[in-house]
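Now for the letters of each chain:
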Amino acid sequence: MNSLAICAVGLVAEAGLGYPDALFARIGHPVTWIGAALAALDARLNRADLPAPARRARGFAALAALLAVCLTLAAAAQAAAAALPHVPALVVVGLLASTCLAQRSLDSHVRAVAQALETEGLDAARTAVGRIVGRDTAVLDAGGIARAAIESLAENFADGIVAPAFWLAVGGLPGGFGYKAVNTADSMIGHLTPRHAAFGFAAAKLDDVVNWPAARLAALWLVAAAALLPGASAGDAWRIARRDARGHASPNAGWPEAAMAGALKLSLGGPRVYAGRLVEDATIGDGPREIGAEAIRQALTLYRVACALEIAVAIVGALIFAGL
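Nothing here was measured: the structure is a model prediction, and the numbers come from that model.

**Re the overall build of the chain**
If you tally the helices and strands in the chain, you get 12 helices and four strands. Over its C-alpha trace the chain gives a radius of gyration of 20 Å, about what one expects of a compact globule, namely 20 Å for 324 residues. Dimensions along the principal axes, computed over C-alpha positions, put the chain at roughly 55 × 55 × 40 Å. By the burial criterion, 49% of the 324 residues in the chain qualify as buried. Across the chain, every contact between residues at least 6 apart in sequence was considered, and the portion connecting residues at least 24 apart equals 70%. Carbon and sulfur atoms form 65% of the exposed surface of the chain, whose accessible area is close to 14,400 Å². Positive and negative side-chain charges of the chain, numbering 26 and 25 respectively, have mean locations separated by a distance of 5 Å.

**Quick word on the packing of aromatic side chains**
Using the criterion set out here, one finds two aromatic pairs in the structure. Judged by centre distance (5.7 Å) and plane angle (85°), the ring pair of Phe157 and Tyr303 falls under edge-to-face. One end of the pair, Phe157, is in helix α8 (residues 142-189); the other, Tyr303, is in helix α12 (residues 293-321), and 146 residues separate them in sequence. In this structure, Phe157 and Tyr303 share a single accessibility class: buried. For the ring pair Phe166 and Trp167, a centre distance of 5.1 Å and an interplane angle of 90° mean the geometry is edge-to-face. Residue classification places Phe166 among the partly exposed residues on the basis of a relative accessible area of 27%. Positioned above the aromatic ring of Phe201 is the side chain of Arg56, whose terminal nitrogen or guanidinium carbon lies 3.9 Å from the ring centre.

**What about the pattern of salt bridges?**
Overall, the coordinates contain 11 salt bridges when judged by the stated rule. Put simply, Arg47 and Asp49 hold a salt bridge, and the shortest N to O gap is 2.7 Å. Judged by its relative accessible area of 57%, Asp49 is exposed. Across the pair Asp107 and Arg304 runs a salt bridge whose closest N-O atoms are separated by 2.7 Å. Remark: Arg304 occurs in helix α12 and Asp107 occurs in helix α6 (residues 103-119); sequence separation between them is 197 residues.

**Examining the side chain of Gln103**
One can find Gln103 in helix α6. What makes Gln103 buried here is its relative accessible area of 5%. There is a polar contact of 3.2 Å between the side chain of Gln103 and the backbone oxygen of Leu11. Separated by 2.8 Å, the side chains of Gln103 and Glu14 make a polar contact. Those residues in contact with Gln103 that lie beyond four places of it in its chain are Leu11, Glu14, Ala15, Ile161, Tyr303, Cys307 and Ile311.

**Side note on the environment of Asp207**
With respect to the helices and strands, Asp207 occurs in helix α9 (residues 201-228). Along the backbone, Asp207 and Tyr179 are 28 residues apart, and their C-alpha atoms lie at a distance of 8.3 Å. Other than its neighbours up to four places away in sequence, Asp207 contacts Val182, Asn183, Asp186 and Asn252.

**Section: the environment of Asp49**
Along the chain, the position of Asp49 falls in the loop between α3 (30-45) and α4 (52-81). A distance of 2.7 Å separates polar atoms of two side chains, one belonging to Asp49 and the other to Arg47.

**With respect to the nonpolar core**
Counting 76 residues, the largest nonpolar core has Val129, Ile150, Phe157, Met260, Ile296 and Leu302 as its most contacted members. It is α8 that provides the largest number of residues to this core, a total of 17 residues. Not counting the four nearest positions on each side in its chain, Ile150 is found in contact with Met260, Leu266, Leu268, Ile291, Ala295, Ile296 and Ala299. By size, the runner-up hydrophobic cluster in this structure holds 19 residues, among which are Leu11, Ala81, Phe177 and Ala314.

**Observations regarding α6**
Look at α6: 24 Å from first C-alpha to last across 17 residues, which is about the 24 Å you get at 1.5 Å a residue. Every buried residue of α6 is listed here: Gln103, Leu106, Asp107, Val110, Val113, Ala114, Ala116 and Leu117. Backbone geometry just after α6 places Gly121 at a positive phi near 100°.

Cut-off values and rules
Residues numbered from 1 in each chain as written. Predicted model: local features only at pLDDT ≥ 70, side-chain atom pairs only at ≥ 80, totals over all residues. Heavy atoms only, no water. Helix = DSSP H or I, 4+ residues; strand = E, 2+ residues; numbered from the N terminus. Rg over C-alpha atoms; globule rule 2.2 N^0.38 Å. Buried < 20%, exposed > 50% of the residue type's maximum accessible area, 1.4 Å probe, protein only. Contact = heavy atoms within 4.5 Å. Areas by Shrake-Rupley, 256 points an atom, 1.4 Å probe, with all protein chains shown as cover. Lys, Arg positive; Asp, Glu negative; His and termini not counted. Charge placed at Lys NZ, Arg CZ, Asp CG, Glu CD. Phe/Tyr/Trp six-rings, centres within 6.5 Å; stacked < 30°, edge-to-face > 60°. Lys NZ or Arg CZ within 6 Å of the ring centre and 35° of its normal. Salt bridge = Lys/Arg side-chain N within 4 Å of Asp/Glu carboxyl O. Polar contact = N/O pair within 3.5 Å; in protein donor to acceptor, adjacent residues only side chain to side chain. Core = buried A, V, L, I, M, F, W, Y, C linked by side-chain atoms within 4.5 Å. Expected span 1.5 Å × (residues − 1).

Purely geometric numbers; function is a separate question.
Spelled out as structure tokens, the structure:
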């Protein structure tokens, strides 16, 4: 079964259907299953009385075990589906692949921030943006809320959509679920906290590696989308991405954030507060920082066009190279 075709069907299925709430309520989601497995490994292996090298080794072992299980189950599911006729097999595997993607849910969460800013006030907007960012939201004004939402949209476009699609196209269902295992591990334990600085070291570093190509590809999708949107600037998206992306604290997140900032002619990044601690970060872009719900909606439009471009290219690629 061709991996590019799996990617294309997965993208189309997730864009059209998302993940049904009723199904989530009944059985959860593959990412929640991965998270539960990792939480169990963390509780069992990450002992505070152990020295840092031992905790780092245990974190590596936990990540290896998680990856082995995810890759094995995904490969088995794809092999089992391959026993079906071609089209039903592709539909089944494509639906499974769609659970690796988050186009609809990301759109919904970011749209909720804009809606809250427009009609419900700052407290509701802080609550809404707090669902998608890790920074302290109580200190954010309207501009800070809007910037946080747009930054999250850009970063999650890369690691929630472009990256899993890339790895699905490269490695089929095992590629997609292997990526989700690494990315989920990074989001849960890849932090420089006393508990996870050592145990989460392997997860954080491997996440940087597997997101490297997708972060740059996401920036290119945003540049291309800007070229199609009146009022957006593809030239500035490309210029700011090349100039400011490397100034970001993350080796990857700066690329889509800088492309988004340039395309919309605004400034992102800068100082942020996490757990009561001020974290200095570089400013990205040249435009205004005092923005609001309108800027979030402009970013969502850019994001939707970028998603559509990715889907279109995946479909054309599958038609040409996979006989979809």
